Amino acid sequence: MDRETCWQTIEQQRRAIADLLADLSADEWETPSLCAGWRVREVAAHIALTPQPPPIGVMVGTEIRARGNYNRFIDDLTRRYAKHPAAELVSAIHANAGSRKLPKLTNYRNILFDTMVHGQDIAIPLGRTIEIEPAAAAAATAHAVTVGWPVWDNHRLDGIRLVASDVDWTHGSGPEIRGPITALLLLVTGRSAAMDLLAGDGVAAMTARLR
């Protein structure tokens, strides 16, 4: 997908996420998400923060506390912002759905898969649905497989062939894992929630790695 289509997809996903969040009860906001250690509330805060990063002073102070650990840095920023009322988080996502502002050290392709995956992080544990077009999910997955340290282990997909069953997309070589592209996107980004939709000789090996 080209840049313009990616941004249109990001906006569509943000609006779908905000609409879902607006319908949640107070208890549902506290539901553990698919993103390890984060509730629905933290995932919503992360999505809301992306197009409106905090002031530079907050960023620098958080980076110092994180001592160079990227994941700790993101977690700290997110948990602080998650203290805002749920209605404010929903409003922020809606208001900035069409924003093309990028945080430093990232790009629109990262935002594409990040937004899609975090939408599923929220929806799946709640038994809700956020639809993703297969072509968009394929574009997101094609980029996600290239992302390694400091986000993921560079070798997490070594020796595995991924094959989408609903769109023309493959990656890698070795024992095969086949299934819907959205399930593969979740797998590539470290989520096991859609493993029951996947089949092939590589499933057992990937299941063990995700543990």
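Model, not experiment: these values are computed from the prediction.

What counts and what doesn't
- Residues numbered from 1 in each chain as written.
- Predicted model: local features only at pLDDT ≥ 70, side-chain atom pairs only at ≥ 80, totals over all residues.
- Heavy atoms only, no water.
- Helix = DSSP H or I, 4+ residues; strand = E, 2+ residues; numbered from the N terminus.
- Polar contact = N/O pair within 3.5 Å; in protein donor to acceptor, adjacent residues only side chain to side chain.
- Contact = heavy atoms within 4.5 Å.
- Buried < 20%, exposed > 50% of the residue type's maximum accessible area, 1.4 Å probe, protein only.
- Arc of directions from axis to C-beta.
- UniProt positions renumbered as here; feature names shortened; annotations may be inferred.
- Salt bridge = Lys/Arg side-chain N within 4 Å of Asp/Glu carboxyl O.
- Axes fitted to C-alpha atoms, helices over the stretch in contact; angles between N-to-C directions.
- Parallel < 35°, antiparallel > 145°, perpendicular 65-115°, else oblique.
- Left-handed = near helix turned anticlockwise from the far one by under 90°.
- Nonpolar A, V, L, I, M, F, W, Y, C, P; charged D, E, K, R; others polar.

If you trace the backbone, H46 turns up in helix α3 (residues 40-49). At 3.1 Å, the side chain of H46 and the side chain of D114 are in polar contact. If we skip the residues at most four places from it in the chain, H46 touches W38, I74, T78, D114 and H118.

Turning next to helix α6 (residues 86-95). The periodicity of an α-helix, 3.6 residues per turn, causes residues three or four places apart in sequence to face the same way. Residues of α6 that are buried: A86, L89, V90, A92 and I93. Buried residues of α6, viewed axially, fall in a sector of 160°; they line one side. In this structure, α6 carries A87 and A95 as exposed residues pointing more than 90 degrees from its buried face. Buried residues belonging to α6 abut α1 (3-22), α2 (26-29), α3 and α5 (70-81).

A few words on the UniProt feature "domain: Mycothiol-dependent maleylpyruvate isomerase metal-binding" (unreviewed entry) in the chain. The sites that UniProt annotates as "domain: Mycothiol-dependent maleylpyruvate isomerase metal-binding" (unreviewed entry) are residues 11-49. As annotated, residues 11-49 comprises 67% helix and 0% strand, and the C-alpha atoms at either end are separated by 14 Å.

The next point concerns the pattern of salt bridges. A pair can form between side chains of opposite charge whenever their charged atoms are brought close. As enumerated under the stated definition, the model contains 12 salt bridges in all. If you follow the salt bridges from partner to partner, you end up with E30, R39, R41 and E42 in one network.

Turning our attention to the packing of α3 against helix α7 (residues 108-123). At a minimum axis distance of 9 Å, the contact between α3 and α7 shows a crossing angle of 160°. Here α3 lies roughly antiparallel to α7, going by the angle between them. Crossing of α3 against α7: the hand is left-handed. Listed contacts from α7 to V40, V43, A44, H46 and I47 of α3 are D114, H118, D121 and I122. Per-class residue counts for the contact of α3 with α7 are five nonpolar, two polar and two charged.

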